[in-house]
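Residue-level listing of the chains:
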Amino acid sequence: MAGDHAHTGPDAGTGPAPGPDVRPEPVPFAPGSLLWDIAGDVRILLSLPAALVLQVAHPAVGAGVDEHSVFRTNPWGRAERSLNSLQLWVYGGEQALEEGRRLRELHRTISGTDTRGRAYHALAPAYYAWVHATAYPVFLRAAQYLSRPLDEPAERRLYDELLTLGAILGIKQRDMPRTPEEFWPYFDTMVREELEKTAVVAELLDPRRPIPPPDGAGALLRRLWPVLRPPLARLHVFVTTGLLPPTVRDRLGLAWTARDERGLRRLGAVVRTVVPLLPERLRYLPTARAARRAARR
């Protein structure tokens, strides 16, 4: 899901049963789709870190990020590139297909060995699909806390749109569960048999992780950064942990108390109230704003 994520190893790993590939050439997203509303809303900045943790909790994906990503040396640049890539997938029109091809080419040479001694490759179907699959449970939980829960038809519609997005990214239909009913057994099996608290997960969920000021920060922010970073880091880890499915938190050994849950629900109530009141220039990310303006014209 992230722009410079490392997907991993040739048909290894747990995945859905193979099926026929009959999907037509994917059609870029347009107004009226759920992803058109979700992907550019500023609230996605709160939910994407949970998806990243889900991705790198897979040992092969975690090893790929550990060995090939610049998330330690250039965290802000890495995050910006990933976010810009994601925005193109949804709002880029024909550019979405070009971005999907660019990402596949970018990951073509990424390979190595994970912590379980398994060879991985960045374009291996099972792992490539897992990285994309993490969007579904995280989007559902983000809707539950930060906007409004989706009903069953909307959940099904979102899943269908994510399959289309997967096709844009070059994920074959046979490598993804075909329906939400097939998705949840697949997801539960992945959590139970594959996920672990990898070194990258531990780093991402460590509020003491050293993070420099944002790229291009002014002199005042740089001076205040030592004071601002600790509470911002704690909030980041809190929201990320809270938006992980409970079965994943249990699998990774992450503490989450009833008090934590109440705190996340209170924060979510504030976000649900405030964000819809923001003007478009503050509510939507730049690429989404531009696409929305163009669509209105």
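Cut-off values and rules
- Residues numbered from 1 in each chain as written.
- Predicted model: local features only at pLDDT ≥ 70, side-chain atom pairs only at ≥ 80, totals over all residues.
- Heavy atoms only, no water.
- Helix = DSSP H or I, 4+ residues; strand = E, 2+ residues; numbered from the N terminus.
- Contact = heavy atoms within 4.5 Å.
- Phe/Tyr/Trp six-rings, centres within 6.5 Å; stacked < 30°, edge-to-face > 60°.
- Buried < 20%, exposed > 50% of the residue type's maximum accessible area, 1.4 Å probe, protein only.
- Lys NZ or Arg CZ within 6 Å of the ring centre and 35° of its normal.
- Polar contact = N/O pair within 3.5 Å; in protein donor to acceptor, adjacent residues only side chain to side chain.
- Salt bridge = Lys/Arg side-chain N within 4 Å of Asp/Glu carboxyl O.
- Core = buried A, V, L, I, M, F, W, Y, C linked by side-chain atoms within 4.5 Å.
- Axes fitted to C-alpha atoms, helices over the stretch in contact; angles between N-to-C directions.
- Parallel < 35°, antiparallel > 145°, perpendicular 65-115°, else oblique.
- Left-handed = near helix turned anticlockwise from the far one by under 90°.
- pLDDT = per-residue confidence, 0-100.

### Observations regarding the environment of Lys197
Mapped onto the elements of the fold, Lys197 is located in the loop between helix 9 (180-193) and helix 10 (199-204). Separated by 57 residues in sequence, Lys197 and Leu254 have C-alpha atoms that sit 9.1 Å apart. Residues within four places of Lys197 in sequence aside, it is in contact with Ala202, Leu252 and Leu254.

### Some words on the environment of Lys172
Inspection of the secondary structure puts Lys172 in the loop between helix 8 (152-168) and helix 9. Sequence-wise, Lys172 and Pro125 are 47 residues apart; in three dimensions their C-alpha atoms are separated by 8.0 Å.

### Some points on the packing of aromatic side chains
Inspection of the entire model under this criterion finds 13 aromatic pairs. Note on Trp36 and Tyr91: the rings are 5.0 Å apart at their centroids and 65° apart in plane angle, and the pair reads as edge-to-face. One end of the pair, Trp36, is in helix 1 (residues 34-38); the other, Tyr91, is in helix 4 (residues 75-91), and 55 residues separate them in sequence. The same class applies to Trp36 as to Tyr91, namely buried. Aromatic rings pair up to connect Trp130, Tyr136, Tyr159, Phe183, Trp184, Tyr186 and Phe187 into one cluster. The residue whose ring lies beneath Arg292 is Tyr284, and the NZ or CZ to ring-centre distance is 3.9 Å.

### Details of the side chain of Gln87
Relative to the helices and strands, Gln87 is located in helix 4. Here Gln87 falls in the buried class, since its relative accessible area comes to 2%. There is a polar contact of 2.7 Å between the side chain of Gln87 and the backbone oxygen of Ala39. Beyond its immediate sequence surroundings of up to four residues, Gln87 is in contact with Ala39, Gly40, Gly92, Leu285, Thr287 and Ala288.

### Section: the pattern of salt bridges
Tallied over the entire structure, the rule returns 19 salt bridges. Between Arg43 and Asp41 there is a salt bridge, with its nearest N and O atoms 2.9 Å apart. With respect to class, Arg43 is no different from Asp41; both count as buried. Here Asp66 makes a salt bridge to Arg72, at a shortest N to O gap of 2.5 Å. Exposure remark for Arg72: the relative accessible area of 36% places this residue in the partly exposed category. What emerges from the salt-bridge pattern is a single network uniting Asp114, Arg116, Arg118, Glu194 and Glu196.

### Here's the deal with helix 3 (residues 59-68)
For helix 3, the buried fraction is high: seven of the 10 residues fall into the buried class. Among all positions of helix 3, only Pro59, Ala60, Val61, Gly62, Ala63, Gly64 and Val65 are buried. Buried positions along helix 3 lie against helix 2 (44-56), strand 1 (111-113), strand 2 (119-121), helix 6 (125-133) and helix 10.

### Points about the nonpolar core
Ranked by internal contacts, the top residues of the largest apolar core, which has 82 residues, are Leu35, Leu54, Trp130, Leu158, Leu162 and Val248. Ignoring any residue separated from it by four or fewer positions in sequence, one finds Leu54 in contact with Trp130, Thr134, Pro137, Val138, Phe187, Leu195, Leu244, Pro245 and Val248.

### Overview of the packing of helix 2 against helix 11 (residues 219-243)
Interaxial distance between helix 2 and helix 11 falls to 8 Å at its minimum, and their mutual angle equals 65°. Relative to helix 11, the element helix 2 lies roughly perpendicular. Pair helix 2 / helix 11 crosses with right-handed handedness. Two secondary-structure elements touch here, helix 2 through Leu46, Ser47, Pro49, Ala50 and Val53 and helix 11 through His236, Val239, Thr240 and Leu243.

### Observations regarding the environment of Pro226
As for its placement among the helices and strands, Pro226 is situated in helix 11. Owing to a relative accessible area of 60%, Pro226 belongs among the exposed residues under this scheme. Once the C-alpha coordinates of Pro226 and Ile211 are considered, the two residues, 15 residues apart in sequence, prove to be 9.8 Å apart.

### Some thoughts on the confidence of the model for the protein
Residues with a pLDDT of 70 or more make up 91% of the protein, whose mean pLDDT is 89. The secondary-structure element of the protein with the lowest mean pLDDT is strand 2, recorded at 83, while helix 13 (residues 258-274) shows the highest, at 98. Ignoring residues within four places in sequence, the model shows residues 1-14, a span with pLDDT below 50, making 73 contacts including any to other chains. Scored below 50 in pLDDT, residues 17-23 makes 13 contacts in the model with residues more than four places away or belonging to other chains.

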